[in-house]
Amino acid sequence: MIENLTNRLRKSLRATPFQDDTLHTRHKQESEKSGDDLLVHNISYLFTCDEKEKLQCLQKYSLVVSGGIIVEVVPAKKVSPRKFRRVYDAGMRGGIVVTPGLVNAHAHPPMYLLRSAMMLDEGESINETIAAMPLWERAMADEDYAYSAVGDITEQQKAGVSTTLSHYAVHAPIEAATRTTKQNVINAVSVASNSHPENSPEMVFEILKEKTRRESQLAVSLHYVHRADAGILKKIKNLTEEHSLLFTCHMAESAEVAKKCEKIHGLRETAILEKYGLLSPKTVLSHVIYVTDAEIKKLIRNRVGIVHLPTSNVIHKSGTFPLWKFRDWGGAEQLALGTDGVVSKSRLDLLSEAYQTRITHLYDRTVKFGSLFKMITANGARVLNMPDRGKILPGMRADLAFWKLRDRGFIPFDKKNPIVLIGNLITHGGRMVRDLMINGEFVIKSRRHTLVNESKLLEILQKRHMAMRRRMSKSRPL
Ligand SMILES: [Zn+2]
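Overview of the structure.

The rules behind the values
For every chain, the first residue of the written sequence is number 1, and numbering continues from 1 onward in sequence order. Reporting of local features is limited, given that this is a predicted model, to residues whose pLDDT is at least 70; pairs of side-chain atoms are given and counted only at 80 or more, and all residues count toward the totals for whole chains, interfaces and linings. Calculated side-chain values reflect all of the structure's heavy atoms, with hydrogen atoms and water omitted. By definition, any uninterrupted DSSP run of H or I lasting at least four residues is a helix, any uninterrupted run of E lasting at least two residues is a strand, and each is numbered from the N terminus. Note on donors: an N, O or S atom is included if it sits within 2.8 Å of the metal, or within 3.2 Å for Na, K and Ca, and water is never included, so sites can look incomplete. Three exposure classes are used, based on accessible area relative to the maximum for each residue type with a 1.4 Å probe and protein chains only: buried under 20%, partly exposed in between, and exposed over 50%. Cavity means a closed set of points on a 1 Å grid over the protein atoms alone, one where a 1.4 Å probe fits but cannot get out, pocket means an open set with protein on both sides within 12 Å along at least 5 of 7 lines, and lining means a residue has an atom within 4 Å of a point. Grid points are joined across faces, edges and corners, and a volume is the space filled by probe spheres set on the points. Classes in brief: Ala, Val, Leu, Ile, Met, Phe, Trp, Tyr, Cys and Pro nonpolar; Asp, Glu, Lys and Arg charged; the others, Gly included, polar. The patches reported here contain residues having more than 30% relative accessible area and no salt bridge. Joining distances are 9 Å for like charges and 5 Å for nonpolar side chains (Val, Leu, Ile, Met, Phe, Trp, Tyr). Reported accessibility uses the Shrake-Rupley method at a 1.4 Å probe radius. Residues are deemed covered only where the shown protein chains occlude them. Salt bridges, as used here, are contacts in which a Lys or Arg side-chain nitrogen is within 4 Å of a carboxyl oxygen on Asp or Glu. A fitted line through C-alpha atoms represents every axis, and for helices the fit uses only the stretch in contact; the resulting angles, taken between N-to-C directions, go from 0 to 180 degrees. Oblique is the label for any angle not under 35 degrees, not over 145, and not in the 65 to 115 range, which are roughly parallel, roughly antiparallel and roughly perpendicular in turn. Crossing handedness follows the turn of the near helix against the far one: under a right angle anticlockwise gives a left-handed crossing, and clockwise gives a right-handed one. The contact criterion used throughout is that any non-hydrogen atoms of two residues lie within 4.5 Å. Nonpolar core, defined: a set of buried Ala, Val, Leu, Ile, Met, Phe, Trp, Tyr and Cys residues in which side-chain atoms within 4.5 Å join the residues together.

1. A few points about unusual backbone geometry
Moving on, step 1. A cis amide bond links Ile-411 with the next residue in sequence, Pro-412, at an omega value of 5°.
Moving on, step 2. Positionally, Pro-412 belongs in the loop between strand 15 (400–404) and helix 15 (420–428).

See the structure below:
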């Protein structure tokens with residue numbers, strides 16, 4: 001099934017062969033030379049956290065990428081581009097800013113087809129919208145989920161995101177979309193789902209038994225803690241321990257959800273996760289709004305990953321995440337950001353989410369731009385247990401976002417204090433990358449996707465969206 005689905009996606013979305021304009025391209029390739037190492041040369045400004053988590057701004061540096069890994073980070077003057085067959089010239093035409101590929105710690109890619117079906121439909125209260133969500137989701141088939149996921153992931157890629165945690169109830173469509181887009185994806189399959197009540201932990205055991213090689217990284221998810229009984233929670237513990245899988249769920253997203261859990265189980269969400277041994281660095285919790293001080297301290301002590309989703313929280317009137325408590329009590333490095341799905345956010349990019357974080361908490365104190373940058377790079381990778389991503393250092397995977405410097409997102413800036421470019425990127429950015437490299441391969445080159453024909457993709461999404469609306473109008477009046 002995964003093979004068939006992937007083949008259908010690839011066939012229908014195949015990008016036309018990429019033709020470099022030799023006059024304007026930064027990508028240079030000389031056929032007479034041997035070797036496949038790539039030199040990213042003469043980077044105007046390179047931003048990354050170092051081994052000690054300190055934000056660095058390197059000027060006029062070069063990177064050598066080999067076999068999908070960053071093998072060297074050196075001053076540009078110490079390396080000769082003539083030795084390389086493949087060179088990316090980051091110094092020409094105003095220059096380039098390079099950051100690590102961004103890490104999105106919470107998303108729902110199969111819901112992309114619901115854009116404009118949900119958030120923009122007027123006249124409905126948010127509660128009606130949320131109640132209608134599973135109805136819409138059930139009006140979709142596996143191919144809809146797969147094309148949706150390609151739509152969602154490619155939009156993220158254009159905004160510099162190279163790693164995504166997908167929290168959803170289906171596995172094969174996400175795996176097919178991963179193969180089609182080459183994104184790093186954690187494929188967290190819900191074992192007690194709102195939209196797919198037939199799901200169970202056994203489904204994940206079955207996936208583990210399959211012999212096919214998976215390109216997405218399998219994980220376990222729960223929509224909400226209160227949806228699982230003791231049997232399910234024990235099996236989740238077993239999956240995370242025996243098969244070393246991550247576990248993720250929405251937690252304490254609203255006062256209602258927090259109360260519901262106490263009512264059904266007689267325990268709060270944190271206590272239930274603790275009881276079943278699920279408070280660990282292999283757990284990723286999103287939202288985490290209605291938690292007590294003691295619970296926050298417990299989550300920090302157990303190094304649980306926390307995903308903050310400020311736009312979603314405002315749109316759904318969920319409440320405000322206790323960011324300062326987490327930070328003041330030692331949990332700063334466990335905090336990542338996510339986009340959530342299109343029903344909960346206008347654009348699927350992390351820079352605008354970092355900006356939203358800044359303005360959400362501004363009444364108390366200012367979240368510094370450096371901290372926001374960490375949340376979408378090094379912290380994101382840490383929360384997702386990916387120690388070889390989120391930083392630009394020798395030995396790390398080559399996930400790189402290339403941003404044009406001569407752009408309204410950056411200019412003007414203080415040349416004597418270029419660290420301010422991070423503030424400009426977050427405040428005025430949130431726009432497209434010029435190029436995006438994932439595992440050493442350019443998936444966006446000169447602003448074009450190298451694997452997916454976007455115009456074809458939009459055409460297919462539009463057709464499938466209308467077909468979904470027709471099915472919905474038969475099931476309930478719109
Ligand atoms: Zn969510």
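2. A word on the coordination of the zinc ion
Moving on, step 1. Distances from the zinc ion to its protein donors, His-106 (NE2), His-108 (NE2), His-250 (NE2) and Asp-340 (OD), fall at 2.1 to 2.3 Å.
Moving on, step 2. Taken in sequence order, the residues that donate to the zinc ion follow the motif H-x1-H-x141-H-x89-D. Note that His-108 is positioned in the loop between strand 7 (102–107) and helix 2 (126–138) and Asp-340 in the loop between strand 14 (335–337) and helix 12 (350–360), a separation of 232 residues in sequence.
Moving on, step 3. In this structure His-108 comes out as buried when scored by relative accessible area, which is 8%.
Moving on, step 4. When its relative accessible area of 3% is taken as the criterion, Asp-340 is described as buried.

3. Quick word on the layout of surface pockets
One way to see where empty space is left: roll a probe the size of a water molecule over the atoms.
Moving on, step 1. Of the voids in this model, the largest pocket is the one considered here, and its volume is about 870 Å³.
Moving on, step 2. At the level of elements, helix 2, strand 8 (161–168), strand 10 (217–224) and helix 7 (255–265) are the ones that each hand at least two residues to the lining of the largest pocket.
Moving on, step 3. Among the elements that make up the lining of the largest pocket, the one with the highest residue count is helix 2 (seven residues).
Moving on, step 4. The residue inventory of the lining of the largest pocket, partitioned by class, reads eleven nonpolar, 15 polar and seven charged.
Moving on, step 5. Surrounding the second largest pocket, 15 residues form its lining, Lys-182, Gln-183, Asn-184, Glu-215 and Asn-439 being those nearest its centre.
Moving on, step 6. Per-class residue counts for the lining of the second largest pocket are three nonpolar, six polar and six charged.

4. Topic: a nonpolar patch on the surface
Moving on, step 1. Taken together, the side chains of Tyr-355, Ile-359 and Leu-362 present a nonpolar region at the surface, about 240 Å² in accessible area.
Moving on, step 2. Its place among the elements puts Ile-359 in helix 12.

5. Observations concerning the pattern of salt bridges
Two side chains bearing opposite charge may form a pair once their charged atoms approach each other closely.
Moving on, step 1. In this structure the tally under the stated criterion is 27 salt bridges.
Moving on, step 2. With a closest N to O distance of 2.9 Å, Glu-155 and Arg-115 form a salt bridge. With Glu-155 in helix 3 (residues 142–158) and Arg-115 in the loop between strand 7 and helix 2, this residue pair connects regions lying 40 residues apart in the sequence.
Moving on, step 3. Arg-268 serves as the salt-bridge partner of Glu-295, at 2.7 Å between the closest nitrogen and oxygen. Here Arg-268 lies in the loop between helix 7 and helix 8 (269–275) and Glu-295 lies in helix 9 (residues 293–301), a separation of 27 residues in the sequence.
Moving on, step 4. A relative accessible area of 10% places Glu-295 in the buried class.
Moving on, step 5. The exposure class of Arg-268 is partly exposed, given its relative accessible area of 25%.
Moving on, step 6. Within this structure, Arg-8, Glu-143, Asp-144, Arg-464 and Arg-471 form a network of salt bridges that share partners.

6. Details of the packing of helix 3 against helix 4 (residues 172–181)
Moving on, step 1. Where helix 3 contacts helix 4, the two axes come as close as 8 Å, and the packing angle between them is 40°. Relative to helix 4, helix 3 is oriented oblique. In the packing of helix 3 onto helix 4, the handedness of the crossing is right-handed. Contacts between helix 3 and helix 4 involve Asp-142, Tyr-145, Ala-146, Ala-149, Val-150, Ile-153, Thr-154 and Gln-157 from the first element and Pro-173, Ile-174, Ala-177, Thr-180 and Thr-181 from the second.
Moving on, step 2. Grouping the constituent residues of the contact of helix 3 with helix 4 by class yields eight nonpolar, four polar and one charged.

7. As for the nonpolar core
Side chains of a nonpolar character, in soluble globular proteins, are inclined to be buried together.
Moving on, step 1. With 67 residues, the main nonpolar core has Leu-222, Leu-285, Val-288, Leu-299, Ile-306, Phe-326 and Trp-403 as its most contacted residues.
Moving on, step 2. Dropping the residues within four chain positions of it, Ile-306 is found in contact with Leu-285, Val-288, Leu-299, Phe-321, Phe-326, Gln-334, Leu-335, Ala-336 and Val-383.
Moving on, step 3. Membership of the second largest hydrophobic core comes to 35 residues, among which are Leu-114, Tyr-147, Tyr-168 and Leu-457.

8. Points about the packing of helix 12 against helix 15
Moving on, step 1. Helix 15 packs onto helix 12 with a crossing angle of 95° between their chain directions and a minimal axis gap of 7 Å. Here helix 12 is positioned roughly perpendicular relative to helix 15, judged by the angle of their axes. For the pair helix 12 and helix 15, the contacting residues are Leu-351, Ala-354 and Tyr-355 in the first and Leu-425, Ile-426 and Thr-427 in the second.
Moving on, step 2. Taken together, the residues of the contact of helix 12 with helix 15 break down into five nonpolar, one polar and no charged.

9. Re the side chain of His-196
Moving on, step 1. Considering the arrangement of structural elements, one finds His-196 in the loop between strand 9 (184–190) and helix 5 (201–209).
Moving on, step 2. Residue His-196 is classed as buried on the basis of its relative accessible area of 9%.
Moving on, step 3. Ignoring anything within four residues of it in the chain, the contact list for His-196 reads Tyr-145, Tyr-168, Ala-169 and Val-170.

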